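Here is how the chains run, residue by residue.
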Amino acid sequence: MTTLVLPLSAAAGEEVNPLLPHTAEIIFGFVFLVLLAIAFAKVVVPKFEKAYADRTAAIEGGMNEAKQAQAEAKAALEKYNAQLAEARQEAAKIREDAREQGAQIIAEMREQANAEAERIVTHARSQIDAERAQAVASLRGEVGTMATTLAGRIVGESLEDEARQRRTVERFLADLEASESARQAVGTDG
């Protein structure tokens, strides 16, 4: 069977080189290669170009979206930081206002307490003065009676005369008050 298909050149008596293909095979291979290249250029390359363009567009779109998202995130961060700074300033202002209000309330409460204490002290003083006046009046009467009785015993005569009794009592009390005032003056000087 090997002898059935003999190349034409071998029949002519030339020696066939097994490394070189036949001319028809070269032409057929060349035509097939050109047709394959044309088909590849018409069908496959546009698909590759389209896939490449789609891929490039998707990547660029993704990059643009990423840049846009990054810009939006940056803007949101700046807005958040601005709001945070504003909130901190507002909180500081609220704290300062609260401190001022607290100080004002404390001052008002102190004023009220001082006024109440002053009112209580004034009331107590007036009550003490009233009680002192009442005690002095009561003592004057008792001291007057005792003084006249004592004076009557010492003098040996009755001091029943009311005018005389009153003068004696007033003189005694005046001397008593003068001695008490002198004692207080000496006590505050020393």
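As annotated in an unreviewed UniProt entry, the chain is ATP synthase subunit b from Kribbella shirazensis. Recorded in UniProt for the chain, the comment headed Subcellular location (unreviewed entry) runs: "Cell membrane". UniProt, in the comment section headed Sequence similarities (unreviewed entry), describes the chain in these words: "Belongs to the ATPase B chain family."

A. Examining the overall build of the chain more closely. Across its full length, the chain holds three helices and zero strands. Counting from the amino terminus, helix and strand elements in the chain follow one another as α-α-α. When the 190 residues of the chain are sorted by exposure, 5% land in the buried category. When the accessible surface of the chain is summed, it comes to about 16800 Å², and 61% of that surface belongs to carbon and sulfur atoms.

B. Seen up close, the UniProt feature "transmembrane region" (unreviewed entry) in the chain. Mapped onto the present numbering, the UniProt feature "transmembrane region" (unreviewed entry) falls on residues 26–45. For residues 26–45, the helix share is 100%, the strand share is 0%, and the end-to-end C-alpha distance is 26 Å.

C. Structural view of a nonpolar patch on the surface. A cluster of nonpolar side chains, Ile27, Phe30, Val31, Val34, Leu35 and Ile38, forms an exposed patch at the surface whose accessible area comes to about 560 Å². With respect to the helices, strands and loops of the structure, Ile38 is situated in helix α2 (residues 23–155). Taking the relative accessible area as the measure of exposure, Ile38 reaches 45% and is therefore partly exposed.

D. A look at the confidence of the model for the chain. Per-chain confidence: the chain averages 83 in pLDDT, with 85% of residues scoring 70 or above. Within the chain, helix α1 (residues 8–11) has the poorest average pLDDT of any element, 50, and α2 the best, 89. The low-confidence segment residues 1–6 (pLDDT under 50) makes zero contacts with residues lying over four places distant or belonging to another chain.

E. Representation of the pattern of salt bridges within the structure. Inspection of the entire model under this criterion finds four salt bridges. Salt-bridge contacts for Arg119 lead to Glu116; the nearest nitrogen and oxygen are separated by 2.4 Å. Linking Arg119 with Glu116, this pair stays in helix α2, spanning three residues, or about one helical turn. By relative accessible area, which is 35% here, Glu116 ends up partly exposed. For the salt bridge of Arg132 with Asp129, the shortest nitrogen-to-oxygen distance reads 4.0 Å. Of this pair, Arg132 and Asp129 are both found in helix α2, three residues apart, which corresponds to roughly one turn of the helix. The class of Arg132 is exposed, set by a relative accessible area of 53%.

Conventions we followed
Going along each chain's sequence as written, the residues are numbered from 1 onward. Restriction of local features to residues with pLDDT of at least 70 applies here, the model being predicted, together with a cutoff of 80 or more for giving and counting side-chain atom pairs; totals for whole chains, interfaces and linings are based on all residues. The side-chain values count all of the structure's non-hydrogen atoms but skip hydrogen atoms and water molecules. UniProt positions are given in the numbering used here, feature names are shortened, and annotations may be inferred rather than shown by experiment. Numbering of helices and strands runs from the N terminus; a helix is a DSSP stretch of H or I covering at least four residues, while a strand is a stretch of E covering at least two. Throughout this description, buried means an accessible area under 20% of the type-specific maximum (1.4 Å probe, protein chains only), exposed means over 50%, and partly exposed covers the range between. Computed by Shrake-Rupley with a 1.4 Å probe, the accessible areas treat only the displayed protein chains as cover when residues are assessed. Only residues above 30% relative accessible area that lack a salt bridge enter a patch, with like-charged residues linked at up to 9 Å and the nonpolar side chains Val, Leu, Ile, Met, Phe, Trp and Tyr linked at up to 5 Å. The term salt bridge refers to a side-chain nitrogen of Lys or Arg lying within 4 Å of a carboxyl oxygen of Asp or Glu. A residue's pLDDT is the confidence the predictor assigns to it, expressed on a 0 to 100 scale. Whether two residues are in contact is decided by their heavy atoms, any of which lying within 4.5 Å being enough.

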